[in-house]
Amino acid sequence: MTGTRPLTAPDRVRSPKPRVGFPGLPPWLFLVAALGALFILLPLAAVVTRVDWARFPELVTSESSIAALKLSLTTSAAATALCIVAGTPMALVLARSAFPGQQVLRALVLLPLVLPPVVGGIALLYTFGRQGLLGGTLRALGVEIAFSTTAVVLAQTFVALPFLVLSLEGALRSAGGRYEAVAATLGASPTTVLRRVTIPLVLPGLLSGAVLSFARALGEFGATLTFAGSLQGVTRTLPLEIYLQRETDPDAAVALSLVLVAVAVLVVGLAHRSSAPAVP
Amino acid sequence: MPSPATGTGAGRKRLRHRLGGSAVLACALALTGCGGGADPASDGGSGSGTGDTITVFAAASLREVFESLAEDYETRNPGSEVVLNFAGSSDLATQIEAGAPADVFASADAPTMERLAEAGLIDGEPGEFARNRLTIAVPQGNPAGVNGFADLTGVRLVACAPQVPCGAAATRIQEVTGVRLSPVSEESSVTEVLGKVISGEADAGLVYVTDALAAAGEVEAVPIPEAAEVPNSYLIGAVAPNAPEAAREFIDTVTGSAGQALLQEAGFQPPADRP
């Protein structure tokens, strides 16, 4: 029945949004903020100063670099798709329903955010590896995950999923449930409400969550190294290629770092754009 | 605040803002100045002038031997302290080039030490103090039945990437034996290779004899006779320009009989100039 759903959320108080042009910031705050920004921007600038521009085109178009970039983009896209498929229902359940242990579940789901990625890799190994929890079952099905591109996607999804759940849950909460309640009283089924009201309402949040997940997947290193290994064209993503190049050709590592930074800036910029138009 | 104050308030704000900006710029200049110069960092050092503390940067494979040698050194020289930093040889060399306060550097291969020596960062001639060679590590019970180097072609093998010393050693063995390997993963450190054998993900891994010995309860070793023809040289040297006398003493401990006994116990071979 549709009667039970809308009761959970409609009376939630909307949190006031900060006004654009709020006049009361103390001047010293700008100084501290500038120092904070500098702390992030200066190291990036330092990378740029170390780039060997004469060799740059040759370094970033080498066979191994192209293979790593291609692999990174495709695996990150696949991981983002998995995050949307699995994360959207998770965010909806966390934001729009109530059950015992919900707080604990939320904390656990967000765990990969604070977990060192290496630990994530070890955990995945003990789950999907040959000797892992599901290893025997997977082998019976003829599936070998370790050292495959699938392992890379799994590692990326594991670390990126909380970003999607977190941003979407936030969007769902700040959107409130009143439109859904109205739709339900007009006779729409829960699936129709979800499809026609909820999802369109939080689409900017879903989009920025997806972009953040993509960015996180792109930067994934520790879990991939531990769980998937490192082989050109199969599991050696851009961060792993940078790590390896650093051993012999620091110039190549710096050039590739710049490529990764550029892609990340592009992606984060897109996320900002996709969420910004919500406030006119 | 009443309205007359807003004009001056805004003016003051703008002034402060500008001051803030220049302070930030000054900070940035100070920071780059500090990061750019390697020299002030090394003579500020870790109290290297006093001779009480020496900082030793050593290849990761030397951890156990050097930890007991450092303890031994501290007992023999009361009041002294040996600070140890273990990582991949290349990483350590990069840190030293960037001005890290090291007094002694021990590398797991010759090229890395030569790189620092050419940059004038090693005091005198670095000396070989041990040799190491590769072996095949397999999970307990050797499930894939690996009995020699030639068997590695048909199993899930993990090795080091050719860019790092352990991978270069693997390439040399392939040249000697004529066996071409195709690993499922090429790791950037031997620790990663060993980890994948211990966890049972790989059927076999190429690691140093000393690694296999240290993990004896968790992996089994299958020897590669040809590896003896192409060993890795371990070199040690005092870091220029301000290596304290204690750095020399520590190096003597490593190359002396006590150090050699410990190294050989851990599976290292003696250097070329010794039997």
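Residues numbered from 1 in each chain as written. Chains lettered and ligands numbered in written order. Predicted model: local features only at pLDDT ≥ 70, side-chain atom pairs only at ≥ 80, totals over all residues. Heavy atoms only, no water.

Student: Could you give an account of the state of the cysteines, naming the residues involved and the relevant values?
Tutor: Chemically, a disulfide is nothing more than a covalent bond linking the sulfur atoms of two cysteines. Residue and element names in this part refer to chain B. For the structure shown, the criterion picks out one disulfide over all chains. The disulfide partner of Cys160 is Cys166, and the gap between their sulfur atoms is 1.9 Å. Disulfide Cys160-Cys166: the torsion about the S-S bond is -90 degrees, which places it as left-handed. Assessed through its relative accessible area of 6%, Cys160 is described here as buried. (Disulfide = S-S within 2.5 Å. Buried < 20%, exposed > 50% of the residue type's maximum accessible area, 1.4 Å probe, protein only.)

Student: Break down the interface of chain B and chain A for me, with residues and values.
Tutor: If you look at the interface, chain B gives 30 residues, while chain A gives 25 residues. Summing both partners gives a buried area of about 2,500 Å² for chain B against chain A, and 59% of it is carried by carbon and sulfur. Measuring nitrogen to oxygen at the nearest pair gives 3.4 Å for the salt bridge that ties Arg236 of chain A to Glu186 of chain B. Elements represented by at least two residues in the side of chain B that touches chain A include exactly α1 (4–36), α4 (89–97), β7 (185–187) and α7 (190–198) of chain B. Sorting elements by how many residues they give to the side of chain B that touches chain A places α1 of chain B first, with nine residues. Residue classes in the side of chain B that touches chain A are distributed as eleven nonpolar, eight polar and eleven charged. (Contact = heavy atoms within 4.5 Å. Buried area = accessible area lost by both parts, 1.4 Å probe. Salt bridge = Lys/Arg side-chain N within 4 Å of Asp/Glu carboxyl O. Helix = DSSP H or I, 4+ residues; strand = E, 2+ residues; numbered from the N terminus. Nonpolar A, V, L, I, M, F, W, Y, C, P; charged D, E, K, R; others polar.)

Student: Summarise the environment of Leu203 of chain A; cite the residues concerned and give the values.
Tutor: For Leu203 of chain A, the location among the structural elements is in helix α11 (residues 203–219). Separated by 35 residues in the primary sequence, Leu203 of chain A and Leu168 of chain A have C-alpha atoms spaced 8.7 Å apart.

Student: Summarise the packing of helix α8 (residues 149–175) of chain A against α11 of chain A; cite the residues concerned and give the values.
Tutor: All names here are of chain A. One way to put it is that α8 packs onto α11 with a least axis distance of 8 Å and a crossing angle of 160 degrees. Taken together, the axis directions place α8 and α11 in an arrangement best described as roughly antiparallel. Crossing hand, α8 versus α11: right-handed. Of the residues in α11, those in contact with Gln156, Val159, Ala160, Phe163, Leu164, Ser167, Leu168 and Ala171 of α8 are Gly205, Leu206, Gly209, Ala210, Leu212, Ser213, Arg216 and Ala217. (Axes fitted to C-alpha atoms, helices over the stretch in contact; angles between N-to-C directions. Parallel < 35°, antiparallel > 145°, perpendicular 65-115°, else oblique. Left-handed = near helix turned anticlockwise from the far one by under 90°.)

Student: Describe the nonpolar core, and please don't skip the residues or the numbers.
Tutor: Note that soluble globular proteins tend to have their nonpolar side chains buried in a common cluster. Residues and elements named next belong to chain B. Counting residues in hydrophobic clusters, the biggest one holds 66 residues, and the most contacted among them are Leu62, Phe66, Phe129, Ile136, Leu152, Leu206 and Phe250. Taken domain by domain, this core gets at least three of its residues from each of domain 1 (40–132 + 233–265) and domain 2 (134–229). Excluding residues within four positions of it along the chain, Ile136 makes contact with Val146, Gly148, Phe149, Leu152, Ala204, Gly205, Leu206, Glu220, Ala221, Val222 and Ile224. (Core = buried A, V, L, I, M, F, W, Y, C linked by side-chain atoms within 4.5 Å. Domains from an automatic or database assignment.)

Student: An account of the sheet that holds strand β5 (residues 134–139) of chain B is needed here, citing residue identities and associated values.
Tutor: Residue and element names in this part refer to chain B. Pairing in this open sheet of five strands is mixed, and the strands run β7-β6-β8-β5-β9 from one edge to the other. Both edges of this open sheet fall to β7 and β9 (219–222), since each of them pairs with a single strand only. When the angles between neighbouring strand axes are averaged without regard to direction, this sheet yields 35 degrees. Across three bridges, the pairing between strand β6 (residues 157–160) and β7 is parallel. Residue Val158 lies in a different strand from β7, and its bridge partner there is Ser185. Packing against the sheet, helix α6 (residues 165–177) makes contact with β5, β6 and β8 (204–208), and its axis sits at approximately 100 degrees to β5. Helix-sheet contacts for α7 involve β5, β6, β7, β8 and β9, and the interaxial angle to β8 is about 140 degrees. (Pairing = 2+ DSSP bridges.)

Student: Before we move on, could you go through the side chain of Ser148 of chain A and cite the residues and values that matter?
Tutor: Here Ser148 of chain A is to be found in the loop between α7 (135–140) and α8. Relative accessible area serves as the criterion here: at 15%, Ser148 of chain A is assigned to the buried category.

Student: If you had to explain helix α10 (residues 190–201) of chain A to someone new, which residues and values would you point to?
Tutor: All names here are of chain A. Restricting attention to buried positions, one finds in α10 the residues Val193, Val197 and Thr198. Seen along its axis, α10 keeps its buried residues to an arc of 85 degrees; they face one direction. For α10, exposure combined with an orientation more than 90 degrees from the buried face picks out Thr191, Arg195 and Arg196. If you follow the buried residues of α10, they end up packed against α3 (63–96), α8 and α9 (178–185). (Arc of directions from axis to C-beta.)

Student: So what about the domain arrangement of chain B? Which residues, and what values?
Tutor: All names here are of chain B. If you check the domain split of chain B, you get domain 1 (40–132 + 233–265) and domain 2 (134–229). Here the C-alpha centre of domain 2 lies 28 Å away from the C-alpha centre of domain 1. Each partner contributes residues to the interface: domain 1 has six residues there, and domain 2 has seven residues. The junction of domain 1 with domain 2 conceals about 530 Å² of combined surface from both sides, 54% of it contributed by carbon and sulfur atoms. Among the residues domain 1 hides against domain 2, the three largest losses belong to Ser61, Asp109 and Asn132. Together they make up 60% of the total. Inspection of the domain 1/domain 2 interface yields zero salt bridges. Where domain 1 meets domain 2, there are one residue pair in polar contact (both at pLDDT 80 or more). The class makeup of the residues in the side of domain 1 that touches domain 2 is one nonpolar, two polar and three charged. (Polar contact = N/O pair within 3.5 Å; in protein donor to acceptor, adjacent residues only side chain to side chain.)

Student: Residues and numbers for the sheet that holds strand β10 (residues 232–239) of chain B, please.
Tutor: All names here are of chain B. Spatially, the five strands line up as an open sheet ordered β2-β1-β3-β10-β4, and their pairing is mixed. Bordering the open sheet on either side are β2 (81–87) and β4 (122–132), each of which pairs with just one other strand. Between one strand axis and the next, the sheet turns through 20 degrees on average, direction left out of account. Sheet topology places β4 next to β10; seven bridges connect them, and they run antiparallel. Its bridge partner lying in β10, Ile122 is registered against Val239.

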